[in-house]
Amino acid sequence: MLSCCSSVKNQTSNGTGKLDTQLLKDVEVLSSDAYQGRKTGTKGAEMTRAYIIERFQKLGLKSYPQHVNYAQEFTFNSKNGNAAGTNIIGYIPGKGTNVIVVSAHYDHLGIVKDEVFNGADDNASGIAGLLKIAAYFAKNKPNNTIIFAAFDAEEMGLQGAKAFVANPPTPINTIVIDLNMDMIGHSDKAELYVCGTFRYPDLKKYVVNTNSNIKVLFGHDDPKLGRDDWTNQSDQGAFHAKNIPFLYFGVEDHKDYHKATDEYSTITKEFFSNAANVILGVVKNIDKQTGLQQSLKDKMIMKN
Ligand SMILES: [Zn+2]
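To keep things clear, this report deals only with the structure shown in the data block.

1. So, helix H4 (residues 159-166)
Then comes step 1: The buried fraction of H4 is high, at six of eight residues.
Then comes step 2: Burial in H4 covers these residues: Gln-159, Gly-160, Ala-161, Lys-162, Ala-163 and Phe-164.
Then comes step 3: Tucked inside the fold, the buried residues of H4 contact strand S2 (71-78), strand S3 (81-92), strand S4 (99-105), strand S7 (145-151) and helix H5 (236-240).

2. Quick look at the environment of Asn-143
Then comes step 1: As for its placement among the helices and strands, Asn-143 is situated in the loop between helix H3 (120-139) and S7.
Then comes step 2: As for Asn-143 and Pro-223, which are separated by 80 residues in sequence, their C-alpha atoms are 33 Å apart.
Then comes step 3: In this view, Asn-143 contacts Gly-94, Lys-95, Asp-287, Lys-288 and Thr-290; residues no more than four positions away in its chain are not counted.

3. So, the pairing of strand S8 (residues 175-181)
Then comes step 1: In terms of burial, S8 is a largely internal element, seven of the seven residues being buried.
Then comes step 2: The pairing of S4 with S8 spans six bridges and is classified as parallel. Paired with Ser-103 across the bridge in S8 is Asn-180.
Then comes step 3: The sheet contact formed by S8 and strand S11 (residues 246-250) spans four bridges and is parallel. By the bridge assignment, Asp-178 is partnered in S11 with Phe-246.

4. A look at unusual backbone geometry
Then comes step 1: Of note, the amide linkage connecting Asp-122 to Asn-123 takes the cis form, showing an omega dihedral of 0 degrees.
Then comes step 2: Examined against the element boundaries, Asn-123 turns out to sit in helix H3.
Then comes step 3: Unusually for a residue other than glycine, Asn-69 sits at a positive phi of about 50 degrees.
Then comes step 4: Following the sequence through the fold, Asn-69 ends up in the loop between helix H2 (43-59) and S2.
Then comes step 5: A tally of 11 C-beta atoms within 10 Å means that Asn-69 is categorised as exposed.
Then comes step 6: Although it is not a glycine, Asn-243 sits at a positive phi angle of roughly 60 degrees.
Then comes step 7: Counting through the fold element by element, Asn-243 comes out in the loop between H5 and S11.

So, how was this worked out
Residues numbered from 1 in each chain as written. Predicted model: local features only at pLDDT ≥ 70, side-chain atom pairs only at ≥ 80, totals over all residues. Buried ≥ 20, exposed ≤ 12 C-beta atoms within 10 Å, placed from the backbone. Helix = DSSP H or I, 4+ residues; strand = E, 2+ residues; numbered from the N terminus. Contact = placed C-beta atoms within 7 Å. Pairing = 2+ DSSP bridges.

Written out as structure tokens, the structure reads:
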């Protein structure tokens, strides 16, 4: 299986093993029992939105006029009929028209048979990563406009991301890439996957790892892998369906995946801190480019 995957060349090592306090705090709060597993349409999901909105406000993220207080509401067909969800969308304006979307889903599975499925890794970790990246660019203004999209109803079939690309706050052709995080906080092997470079090999150069305490691997993006091709298994799939380039960051399924034990105590804290730093580095490298759209779309390799 691992023959599918190649490793990012480690540059000189300066791994520190330092933990990121705010990152961990965000996960600890959002995966606490008070949030009831953050299932779409529940009180827990509403509390999660309130938490993200407060963080967005404190960071000074802007809200699009069509989204009242960052909220993009949508409806979708679920197996129980019509359902409603709410994405939380903030942005930091850049200098040109190009837009980078940084995304993560905030919903999870809720309470199953009286047990809270806290979803610490899936995907409180991705939301915490998103907030970390937002905090960086709130202080260091980006070249490109960056939209921070906290999606709802991913667990019900990428519904929030589908609603976003169907009705984006900026013309769809201005979105040059989606950088999606889903499960970046739990790897006993300290392995983070970057998925998407099979179709977009040009994106490999933006992925740089200088920390010997984490392995960054390319893979899980070749359609020949079937179920092990993760392209459509999280929100990046909705962007891919619109031919928008993407990178997805995540770990392989672990023993606590979609279990009640996916809770704060099983987050691998040093790995998580390192992973979030690697991802922030990728976003920074991509944001350094202007004229991204040209370079990505011209070199896009469609191997569907
Ligand atoms: Zn997930």
